Every structure is written in C-alpha cells, then in structure tokens.
Amino acid sequence: MKFTVSEIAQMLDGIIVGDEKVTIDSAAKIEEGRPGCISFLANSKYESYIYTTQSSAVIVNRDFTPKKDIAATLIYVDNAYSAFTILLEEYQKRIANIKQGVEQPSFIGDNSTVGVNGYRGAFSYIGKNCKIGDRVKIYPGAYLGDNVILGNDCCIHPGVRIYDNTVIGNNCNVFANTVIGSDGFGFAPQPDGSYKTIPQLGNVVLEDDVSIGANTTIDCATMGSTIIRKGAKVDNLVQIAHNVEVGSNTVIAAQSGVSGSTQIGERCVIAGQVGIVGHIFIANNTKIGAQSGLGKSIKKEGLSLSGSPARDLNEHLRTMAATRRLPEMEQRLKELELKRETSVIQERD
Amino acid sequence: MKFTVSEIAQMLDGIIVGDEKVTIDSAAKIEEGRPGCISFLANSKYESYIYTTQSSAVIVNRDFTPKKDIAATLIYVDNAYSAFTILLEEYQKRIANIKQGVEQPSFIGDNSTVGVNGYRGAFSYIGKNCKIGDRVKIYPGAYLGDNVILGNDCCIHPGVRIYDNTVIGNNCNVFANTVIGSDGFGFAPQPDGSYKTIPQLGNVVLEDDVSIGANTTIDCATMGSTIIRKGAKVDNLVQIAHNVEVGSNTVIAAQSGVSGSTQIGERCVIAGQVGIVGHIFIANNTKIGAQSGLGKSIKKEGLSLSGSPARDLNEHLRTMAATRRLPEMEQRLKELELKRETSVIQERD
Amino acid sequence: MKFTVSEIAQMLDGIIVGDEKVTIDSAAKIEEGRPGCISFLANSKYESYIYTTQSSAVIVNRDFTPKKDIAATLIYVDNAYSAFTILLEEYQKRIANIKQGVEQPSFIGDNSTVGVNGYRGAFSYIGKNCKIGDRVKIYPGAYLGDNVILGNDCCIHPGVRIYDNTVIGNNCNVFANTVIGSDGFGFAPQPDGSYKTIPQLGNVVLEDDVSIGANTTIDCATMGSTIIRKGAKVDNLVQIAHNVEVGSNTVIAAQSGVSGSTQIGERCVIAGQVGIVGHIFIANNTKIGAQSGLGKSIKKEGLSLSGSPARDLNEHLRTMAATRRLPEMEQRLKELELKRETSVIQERD
C-alpha cells in the first residue's frame, strides 16, 4: 500500500517542507531508513541521523530547526512521536481492510451464519451451527468446529484450530496455529496401571478484546468453561489448562504455562517461561518474574514474585545474591571451625 | 445433542422423581448449573446447592432424602458419582460418532486404503501407500504423509501433521496441530564453523491407546524409531526428540522436553516444564516434579525427584528450605567471625 | 525407494562380497537391523553384531577380516562410516526429489511467480506478489501470505504459516506448523488499566541455509526486521520475539525463548529450555546451558554460561555443589554457635 507525503500530511494535520509527491510504502527507524520509508524524529538525541537518513520522509516536531541540509521531505506536526503512532495504526487498519470476500475452496457447514464485510480464506473450515459476526477475518486454513460463536471484528489467523462450542467475543485476535478448546489433560489411573480418559465436555470462552499469540494452546474445561477475560493478552507457545480463568487485562508472556483450575486475577503481569500449578488463586495486579514457578495461592494484591518456588522479589534477589557467595561462605565456615579446633587444642595444652 | 431425563434414567437404571420430559443438552457442576444441564450430588458437603441449582436434573444416591423443595428433576441411582461418569462417557461417545463420511475437497494419494465407518474432513490430506484402519477420524486440515499406518479407532484432530512412515496403533488420539515425525535436530559441525545436516531417516511409532496433546512435537529417529509405548499420555507443547522411547502408561505434562535417545520407563509421571537430557535411562515408576532438569540416568525404580539438577525430592525440599534461610545464615556466620575476632583480641590483651 | 547392493557399491566405489542382487530399502544400526536394511561396521567394538545382524548388507572397512560366517552381503570401502553417511545423504536427496508438480486444489494469488522443478501440495496457499525460487517444495496445507520472497531449494513443510513480507534465502528448511512473522507481543498500557496494541509493521528475514524446527514461532519486527542469519539452526517449539537477531551458524535447541530486540552473535550454542531477556547483546561463540536464564549482555566471546540467572559455568557448578551441602553447613554453623555459647559460659564461670 502506498501513500503520498501530501496524503500523510493531511492525515496528521502537518505542514510539508520538501517534495510533497514522494510516495511512501513503509516505515522505519530514522537510523535504518530506506527510500520509500517514513521515519520520525522526536528525541534530539537522534538528530544527527536526520541529516543522513535514507528515508524519503521524516515527521518532526513544529519547533525543529535543521542545522544542515536534509534530503528527506519533512512533515511538521505538534507531536512527532504520537503522529507517527497514529500513522502506523492507520496504515495497519488499511492493510487489514484489504482482505474481504470469500476465497475458494472454503467450507461452511449447515446452519452456520456469517456477518457482513468479512473475509474467509481458501481452505478455511467452518463447522455446523456457527455464528460469525461482522467484519470477521478467517484466514486460509483456519478451522472452526461446530457451534462456535465469534463476535464482530475478530481476526482468526491461518491454521488456528477452534474446537466445538468455543465462544469468542468482539475484537479478538488469535494468531497462527493456536489451538483453542482441545481436551484438557485428564486421565484416571486404573488398578492395572493404565489410564482411563476423563471426558472433557466443557468449552473455552474468550471475552472481548482478547489477543492470543501463535502456537498457543488453551484447553476446554472438563465441565463449564476455561475463561480468558476482557482485554487479556497471551503470547506465543503458552499453555492454558482446563478450567483456568485468566483475569481482565492480564498479560502472559511466551512459553508460560498455567495448570488446571487456577484462577488468575486482573491486571497481572506474568513474564516468559513461568509455570503455575493447578487449583490456586492469584490476586489482582500480581507480577511474576521470568522462569518463576508459582506453587501456592497469592491472596494479597500487587505483589512482585520471582524464583522457583516463587516468592517476594526482594527476598528472592537477596537469596540469589547470598547463593552466589555460598562457596566463599563455606570457606569461611571451615576456617572458623579450624580456628575453633586450634583454640580448643591450645586451651587443652 | 439432546436427551430426555427418561432416556438418561433408563441408561443409568435410575428412578425419576419430577418431570421426566425435561431435555438435557449439557452437564455442569451442581453449583454452576444452568437450565438444560444435568449435575450430580454425591458428597453431602454440597447438599445445599441442590436446593438452589439452576440445573434441570440432578443425579443423586438412592439414600438421599431432600430437606427442602427441589426445582430440578432427580434421578436416583446406586452411585451418583459413577453414574454421572458413565453418562459423560456415553455422551462423549455419541458426540464423537456423529462425524462420519468424507467431506470435499479432501485428498488421498495412490494406493492408500481407508477402513470402514470413518470420517475424513475437508482439506485433509492422505499421502501414498497409507493404510488407515476402521472407524478412524481424520479432521479437517490434517496431513498424513506417505506410507503412514494408522490402526482402528484413532482420532487425528485438525491440523495434525504426520510425516512419512509413521506407524500408529489402535485407539490413539492426536490433538490439533501436533507434529509427528519431523526431522530430529542433528547437525555435524564443519571446519569452517557451519553445520551440515545429518539425514534423519527413521520414523515414529505410537503403540495402542496413546494420547498426544495439542501443538506437541515428536521427532523421527535418525535411524530406527522414536517410540511412544502403549497407553502413554503426552500433554500439549511437549518436545520428544529423535530416538527417544517413552514407556508404557507414562504420563508427560505440558511444555516438558525430552532430548535425543533417552529411554523413559513405564508408569513414570513427568510434571510440566521438565527438561531431560539426552542419552539417559529413567527407571519405571519415576516421578519428576515440575520445572525439574534431569541430567543423569535413574536406575532405581519408584524414586521421586525434583529440582534442576533433579535429585531426591526430600533432599531437594530440605535444600530449598535451607536456601531460603541463607541470608540469615550469612548474618550468623558474620557474627561468629566478629565474636571470634573479639575474643582473640581480648585474649591478646 | 529401493536400491540393489550392486547399485550401492557402485555409488560408494566399494567391493561386494556376497549376494549383489539383494535389495535395500532402509538403513539401521547394525544391532537393530532387519531384512532389507543396510548397516555399517566402523568400530571393532561392535564387531560381534556383524555375525548376528538381520541387516541384508553391511558396509565395512577394507581391512576388515571376518572371524566367523556372516549372513549379510558385505561392501568393502575405504572408510565405512563416511561411506554410510554419503549413502544416507544420497538416499535422502532422492527421496526429497520424488515430490514434484502441483497437487489440486491449491491456491496461488495474483502476480505471484514460482520457479522450476518445484512442488506445491494440495491445500497449500500462496498469496499475492510472492516470488518463489526454483526447486522449492511447499507441502500440503502450508500458507504464504502476500509479498513473500523465497529463494531456491527451500522446503516449506506441511502447515507452516509465513506471514506477509517475509524474506527467505536459498536452501532453507522450515518444519511443520512453524509460524514465521506473526505479530510481536507489544501492547501499550492505558490509564484505565487496559492495553492498546502497538502496530507490528516489520517483517522476518531468514538468510541462506537456515533450518527452523516444528511448531516454532518467529515474530515480525515492530519496524525493520527480525533476522536469522546464514546457517543458523533453530529447533522445535522455540520462541523468537520481535526485532531479535540470531547470528550466523548459531544453534538454538528446543523450547528456548529469546525476548525482543536481543542480538545473538555467531556460532553460539543455546541448549534447550533457555530463556533470554530482551534488549541484550550476546557475543560470538557463547555457550548457554540447558534451562539457563540469561539476564544481561555477554560482551566477551567464547564464554560458557549456566544457571538462572546465568553466569560462568564453573562458578555455577561450584555454587550448585555448595548448595547441595547447605543443610549440612547449616548444621555445622549451629554447632559452632553452640560451642561458642558454651565456651563463653565456661569463661564466665
């Protein structure tokens, strides 16, 4: 997608200095710009780059006064950083809206309905009795089972697998190859040492404004629902087990795992590669550091935790520091013992 | 799928008290019931819920005597809990059996044979020379390469990728987007610092009654087979490297990884996010705690291990407890040194 | 695919002793051989197996003199081990070359071009304006978005998802269900506690000779490119975040994760389940042990690191050893304190 500088200036209510007919097809940091790119200069620390950038246009603050010649076209605005952000969002919105219509072959089961202005890619599959909202994009090779409900403005990326009975709100993104609603890991041990599968009959519910990364797995509940609440953001390769509840606006980074029936509060921040045991409760605003292992409920709100087993961040840091001194401590202990021996022997003498 | 209460009562050999024409389309815990759900009451601890539940029907023990009015229809049976389990299994079996036949477009290569009463979803792909058993379900978008053998009653979920020459027994489940048989990670370092790919020519074998979760990866052997033995259960996002053997009825929880050529015994329980190095042997009935890292063979059966590096669970817990006291120990050590100093100085005086 | 022993001998410049018409369709270790397999004997430690092996043929060194009767046909070569490797590579090359042509249905968008002698499986999807090189294999169900560039001799396995604008060099392998170019995990916190999505407009670049395992995720850059340099090898279930750079010939094992904007040098070896924080720099030839957590830049080349937080391997091992002795150290500390108490009391007496 291409814009002229004058279209961009109009969008941002900016004033152009330089060639207004230059076309822009990408964005870049000012130090990494190439012809066709637009960049911004907000922090004077980066000013030197504006005199050498290969970008075709640069958004600058109204009070910017060049000290040398600049090859790029300049667009003067009130706030260069937020103008650039607005531009990126507008660009992404337009890109996203290019996809419309239905590519063939694609599959839709009996009794399923699809709203207006959406996109269904080739090899996408929609089962029976599904209700799909307006402006929903279902990319090539995505799969929706039977009885799936999808709100408006959702984007289901290529290869996503959504099992029967899943309910997804408005404005949700699910990235490529993520699996939503496969069986929880439940097996009953039998007297002969084998396992019997426990039927997993519940579903998964994603509320509005949820984003789920790529290659993540969210298991259906044994009964009832595994729930991801409004505004929660889940990264790539995350495991959410059966009957888990993730609170509103909680963020879970890549490769973390949450075991069955655990309830995570609102606005929590869970870093990467964290493990959380099952059947616990985590209070609102809890922060858990990368690679931590949380083994028990957190009842007080707003704590920062780290370590495996996870505990108060400051205690953890203190202990980690002491652990690094451990070989030296052991030496000091040995010396004390020796001195003690010596003085006891001297006393005896 | 809907049942009437009288159909259910007949299935469970139960006696109905209340409206026998009520229809049931889902199951729920008694405290989470909604109209259309069936629940059970086995433990008197939960009795209070039966007077307020929104569920349309509740399965109860024969000796249950209500203390107040109950809106739901009751089904009296010998053992409410096991009756409920039987009902769920029956429900799941019927749900599963709905899928039959072949949806189009789907692909099947030359010389491949498929048994009776199966299901092949749209966009499913079967390569050449495959032998697929009876009552096998291959969901939309699943892929089987060439020369794949699949036993009876298997279920291959949407988007599963099964590479050439894989052999799968009877009654196996492979959940969505799991990859079976991709290349083991083998590269030979070259004098110039680059790597040369080592051909991976073996396959993967799953014996009977194996269940593999979603987004898991099981690599093919370099030569010979990577083997998952009868009844083993593997969760989501697990990595099984080339030439690994997982013993019968062993359970591996989510996000664990097993490195190349390691042999895991029977009836082991490996918790989540465990890492196991390559080329080791793990005896039968070994238990490994979450986030552990196992670096050497375990020759004695029945041990419980934890930590990274993993060792005896009790020792690990003792050490973890001592570690938490480390900053305080350091303080005590310092005090002893000071006192020692002081007393030496006093002695000198 | 089948070969006669005489074809193989010709390929390896070997001399046959035994039946030269035997056909070979697989390879095996000498101790695991079955009829139809070829094996090798290079190390005299394994000599006993050659008298009992079920393999139909065995490649041996020119100086090998049997001590008993051997059922298998022998092929004498200069170096049995390297001859066997050459054979495996030749076998794999021929196997790989079987796949050619276009299976239907498959999808290709406007303005996309595909080179010669390639393969496109059924249900594969190529978007608009893509440029695909020669001899490229795109397996069933793989997806390429718009504007994707793929060099020569690449292999895109089943179910791989490659987002818009990705650039891939020559001779790259991407294994099943891996996702390349999905959105980086970037959200700006808002005053009301919710998050706003930060547009991710960059792309992913894989240089030549890169191999990416199965179910791995590589996010696109916010702006600019996430880059995997020439010859790098990435295993299964790995997470590479936005704007990361992985250096040439660096190896990353399964289930490791690299956070945003981190730069990894050349010829590094990163073991399994490692976590690396964002915005750091890792010098060339760094080795990081399994399950380590790296939290800061490594400026010196060639270091070996381990632990979480990761530090010098030897220091880490020393500390781990001391930690194991911690409960005993605590006991010794207590005894010293007691003796001190006693001696102080005695002195007072």
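- As annotated in an unreviewed UniProt entry, chain A is UDP-3-O-acylglucosamine N-acyltransferase from Dyadobacter psychrotolerans.
- Recorded in UniProt under Subunit (unreviewed entry), the annotation for chain A is "Homotrimer."
- In its Function (unreviewed entry) section, UniProt records this for chain A: "Catalyzes the N-acylation of UDP-3-O-acylglucosamine using 3-hydroxyacyl-ACP as the acyl donor. Is involved in the biosynthesis of lipid A, a phosphorylated glycolipid that anchors the lipopolysaccharide to the outer membrane of the cell."

## Some thoughts on the overall build of chain A
Here's step 1: When helices and strands are counted, chain A shows five helices and 40 strands.
Here's step 2: Its C-alpha atoms give chain A a radius of gyration of 28 Å, more than 25% over the compact-globule value 20 Å for 349 residues.
Here's step 3: Projected onto the principal axes, the alpha-carbon positions of chain A cover approximately 100 × 65 × 30 Å.
Here's step 4: Counting every position in chain A, which comprises 349 residues, the buried fraction comes to 55%.
Here's step 5: Taking the contacts inside chain A whose residues are at least 6 apart along the sequence as the reference set, 17% of them involve residues at least 24 apart.

## As for the packing of helix 1 (residues 5-12) of chain B against helix 3 (residues 80-98) of chain B
Pairs of packed helices are described in terms of their axes, by the angle between the two and the distance that separates them.
Residues and elements named next belong to chain B.
Here's step 1: The geometry of helix 1 relative to helix 3 is characterised by a closest axis approach of 10 Å and an angle of 115° between their N-to-C directions. The pairing of helix 1 with helix 3 is recorded here as roughly perpendicular in orientation. Like other packed secondary-structure pairs, helix 1 and helix 3 cross with a definite hand, here right-handed. Residues Ile 8, Met 11 and Leu 12 of helix 1 form the contact with helix 3, whose own contacting residues are Ala 83, Ile 86, Leu 87, Glu 90 and Arg 94.
Here's step 2: Here the residues of the contact of helix 1 with helix 3 sort into six nonpolar, no polar and two charged.

## Section: the sheet that holds strand 33 (residues 263-264) of chain B
All names here are of chain B.
Here's step 1: The strand order 10-13-16-19-24-27-30-33-36 describes an open sheet built from nine strands, whose pairing is parallel. The sheet is open, and its two borders are formed by strand 10 (113-114) and strand 36 (281-282), each paired with just one other strand.
Here's step 2: Direction of pairing for strand 19 (residues 167-168) relative to strand 24 (residues 203-206): parallel, over a ladder of two bridges. Considered in strand 24, the bridge of Ile 168 is made with Leu 206.

## Structural notes on the domain arrangement of chain A
Here's step 1: Partitioning chain A into domains gives domain 1 (3-96), domain 2 (160-309) and domain 3 (323-348).
Here's step 2: Relative to domain 3 of chain A, the C-alpha centre of domain 2 of chain A lies at a distance of 50 Å.

## Thoughts on the interface of chain A and chain C
Here's step 1: With 56 residues of chain A at the interface, the matching set in chain C holds 60 residues.
Here's step 2: Carbon and sulfur atoms make up 61% of the area that chain A and chain C hide from each other, which totals about 4600 Å².
Here's step 3: Of all residues in chain A, the largest losses of buried area upon contact with chain C belong to A:Phe123, A:Glu330 and A:Arg340, amounting jointly to 13% of the total for that side.
Here's step 4: Applying the counting rule to chain A against chain C returns four salt bridges.
Here's step 5: Between C:Arg332 and A:Glu337 there is a salt bridge, with its nearest N and O atoms 2.8 Å apart.
Here's step 6: Between the two partners, chain A and chain C, sit 25 residue pairs in polar contact (both at pLDDT 80 or more).

## A look at the packing of aromatic side chains
Here's step 1: Summed over the entire model, instances satisfying the criterion amount to 27 aromatic pairs over all chains.
Here's step 2: Pairing B:Phe3 with B:Tyr91 gives two aromatic rings, centres 6.0 Å apart and planes at 50°, and the pair type is tilted. Placement of B:Phe3 in strand 1 (residues 3-4) and of B:Tyr91 in helix 3 is noted, with a sequence separation of 88 residues between them. Each member of the pair B:Phe3 and B:Tyr91 is classed as buried.
Here's step 3: Here a set of aromatic residues connected by ring pairs shows up, and it is made of A:Phe40, A:Tyr81 and A:Phe84.

## Some words on the state of the cysteines
All names here are of chain C.
Here's step 1: Taken as a whole, this structure holds zero disulfides over all chains when the rule is applied.
Here's step 2: Between Cys 130, a cysteine without a disulfide, and Cys 154, which holds the nearest cysteine sulfur, the sulfur-to-sulfur distance is 13 Å.
Here's step 3: Judged by relative accessible area, which is 0%, Cys 130 ranks as buried.

## So, the relation of the copies chain A and chain B
Here's step 1: When chain A is fitted to chain B, the best match, at an RMSD of 0.1 Å, comes from turning it 120° and sliding it 0.0 Å along the axis. Both chain copies can therefore be described as sitting about a three-fold axis.

## Structural notes on helix 1 (residues 5-12) of chain A
All names here are of chain A.
Here's step 1: Those residues of helix 1 that sit buried are Val 5, Ile 8, Ala 9 and Leu 12. Each buried residue of helix 1 sits inside an arc of 100° when the element is viewed along its axis, so together they form one side.
Here's step 2: Remark: Asp 13 follows helix 1 within two positions and exhibits a positive phi of approximately 55°.

## Thoughts on the interface of chain A and chain B
Here's step 1: At the interface, 60 residues of chain A touch 55 residues of chain B.
Here's step 2: Buried area between chain A and chain B, both sides added, is near 4600 Å², and the carbon and sulfur share of it is 61%.
Here's step 3: Linking chain A to chain B there are four salt bridges.
Here's step 4: Among the ionic pairs, A:Asp146 bridges to B:Lys99, the shortest N-O distance being 3.2 Å.
Here's step 5: Scanning the region where chain A abuts chain B turns up 26 residue pairs in polar contact (both at pLDDT 80 or more).

## Points about the pattern of salt bridges
Side chains that carry opposite charge are capable of pairing whenever their charged atoms lie near each other.
Here's step 1: Evaluation of the coordinates by the stated rule reveals 45 salt bridges over all chains.
Here's step 2: Across the salt bridge formed by B:Lys230 and B:Asp209, the nearest N and O atoms sit 2.9 Å from each other. Here B:Asp209 lies in the loop between strand 24 and strand 25 (211-212) and B:Lys230 lies in the loop between strand 27 (225-228) and strand 28 (233-234), a separation of 21 residues in the sequence.
Here's step 3: Residue B:Asp209 is classed as partly exposed on the basis of its relative accessible area of 24%.
Here's step 4: By sharing partners, the salt bridges in this structure join A:Glu90, A:Lys93 and A:Arg94 into a single network.

## A word on empty space enclosed by the protein
Here's step 1: Per the counting criterion, the structure on display carries four cavities of 30 Å³ or more.
Here's step 2: Computed from the structure, the largest cavity encloses a volume of approximately 150 Å³.
Here's step 3: In terms of lining residues, the largest cavity is bounded by 22 residues, among which A:Phe123, A:Gly141, B:Gly141, C:Phe123 and C:Gly141 are the most central.
Here's step 4: Classifying every residue of the lining of the largest cavity gives 16 nonpolar, three polar and three charged.

## Observations concerning the sheet that holds strand 38 (residues 293-294) of chain A
All names here are of chain A.
Here's step 1: Read across the open sheet, the ten strands follow the order 9-12-15-18-21-26-29-32-35-38; overall the sheet is parallel. Unpaired on one side and paired on the other, strand 9 (107-108) and strand 38 mark the two borders of the sheet.
Here's step 2: Looking at chain direction, strand 21 (residues 179-182) and strand 26 (residues 217-219) are connected through three bridges and run parallel. Pairing of Ser 182 across the sheet is with Asp 219, part of strand 26.

## Remarks on the side chain of C:Thr250
Residue and element names in this part refer to chain C.
Here's step 1: As for its position among the elements, Thr 250 is in the loop between strand 30 (245-246) and strand 31 (251-252).
Here's step 2: A polar contact is formed between the side chain of Thr 250 and the backbone nitrogen of Cys 268, at a distance of 2.9 Å.
Here's step 3: When neighbours within four sequence positions are excluded, Thr 250 is seen to be in contact with Ala 232, Lys 233, Ile 264, Gly 265, Glu 266, Arg 267 and Cys 268.

## Description of the environment of C:Asn97
Residue and element names in this part refer to chain C.
Here's step 1: Among the secondary structure elements, Asn 97 is positioned in helix 3 (residues 80-98).
Here's step 2: According to the relative accessible area criterion, Asn 97 is partly exposed, its value standing at 47%.
Here's step 3: Sequence separation between Asn 97 and Asn 61 is 36 residues; the distance between their C-alpha atoms is 30 Å.

## Observations concerning unusual backbone geometry
Here's step 1: Cis geometry marks the peptide bond from B:Gln104 to B:Pro105, where omega comes out at 0°.
Here's step 2: By the secondary structure assignment, B:Pro105 is in the loop between strand 8 (101-102) and strand 9 (107-108).
Here's step 3: The residue B:Asn285 is not glycine, and still its phi comes out positive at about 60°.
Here's step 4: The residue B:Asn285 is located in the loop between strand 36 and strand 37 (287-288) in this model.
Here's step 5: Despite not being glycine, C:Asn215 shows a phi value in the positive range, around 55°.
Here's step 6: Topologically, C:Asn215 is positioned in the loop between strand 25 (211-212) and strand 26 (217-219).
Here's step 7: For C:Asn215, a relative accessible area of 0% corresponds to the buried category.

## Observations regarding the confidence of the model for chain A
Here's step 1: Of the residues in chain A, 99% have a pLDDT of 70 or more, and the chain-wide mean is 94.
Here's step 2: With pTM at 0.93, the complex prediction returns an ipTM value of 0.92.

## Considering the side chain of C:Asn177
Here's step 1: Looking at where C:Asn177 falls in the secondary structure, it is placed in the loop between strand 20 (173-174) and strand 21 (179-182).
Here's step 2: A polar atom in the side chain of C:Asn177 sits 3.2 Å from the backbone oxygen of B:Gly159.
Here's step 3: Apart from residues lying up to four places away in sequence, C:Asn177 is in contact with A:Asn177, A:Asn215, B:Gly159, B:Arg161, B:Asn177, B:Thr178, B:Val179, C:Pro158, C:Gly159, C:Val160 and C:Asn215.

## Comments concerning the pairing of strand 21 (residues 179-182) of chain B
Here's step 1: Here strand 18 (residues 161-162) of chain B pairs with strand 21 of chain B via two bridges, running parallel. When the bridges of strand 21 of chain B are listed, B:Ile162 appears paired with B:Ile180.

Calculation criteria
Residues numbered from 1 in each chain as written. Chains lettered and ligands numbered in written order. Predicted model: local features only at pLDDT ≥ 70, side-chain atom pairs only at ≥ 80, totals over all residues. Heavy atoms only, no water. UniProt positions renumbered as here; feature names shortened; annotations may be inferred. Helix = DSSP H or I, 4+ residues; strand = E, 2+ residues; numbered from the N terminus. Rg over C-alpha atoms; globule rule 2.2 N^0.38 Å. Buried < 20%, exposed > 50% of the residue type's maximum accessible area, 1.4 Å probe, protein only. Contact = heavy atoms within 4.5 Å. Axes fitted to C-alpha atoms, helices over the stretch in contact; angles between N-to-C directions. Parallel < 35°, antiparallel > 145°, perpendicular 65-115°, else oblique. Left-handed = near helix turned anticlockwise from the far one by under 90°. Nonpolar A, V, L, I, M, F, W, Y, C, P; charged D, E, K, R; others polar. Pairing = 2+ DSSP bridges. Domains from an automatic or database assignment. Buried area = accessible area lost by both parts, 1.4 Å probe. Salt bridge = Lys/Arg side-chain N within 4 Å of Asp/Glu carboxyl O. Polar contact = N/O pair within 3.5 Å; in protein donor to acceptor, adjacent residues only side chain to side chain. Phe/Tyr/Trp six-rings, centres within 6.5 Å; stacked < 30°, edge-to-face > 60°. Disulfide = S-S within 2.5 Å. Least-squares fit on C-alpha atoms with pLDDT ≥ 70 in both. Arc of directions from axis to C-beta. 1 Å grid on protein atoms, 1.4 Å probe; cavity = no way out; pocket = protein on both sides within 12 Å on 5 of 7 lines; lining within 4 Å. Points joined across faces, edges and corners; volume = space filled by probe spheres on them. pLDDT = per-residue confidence, 0-100.

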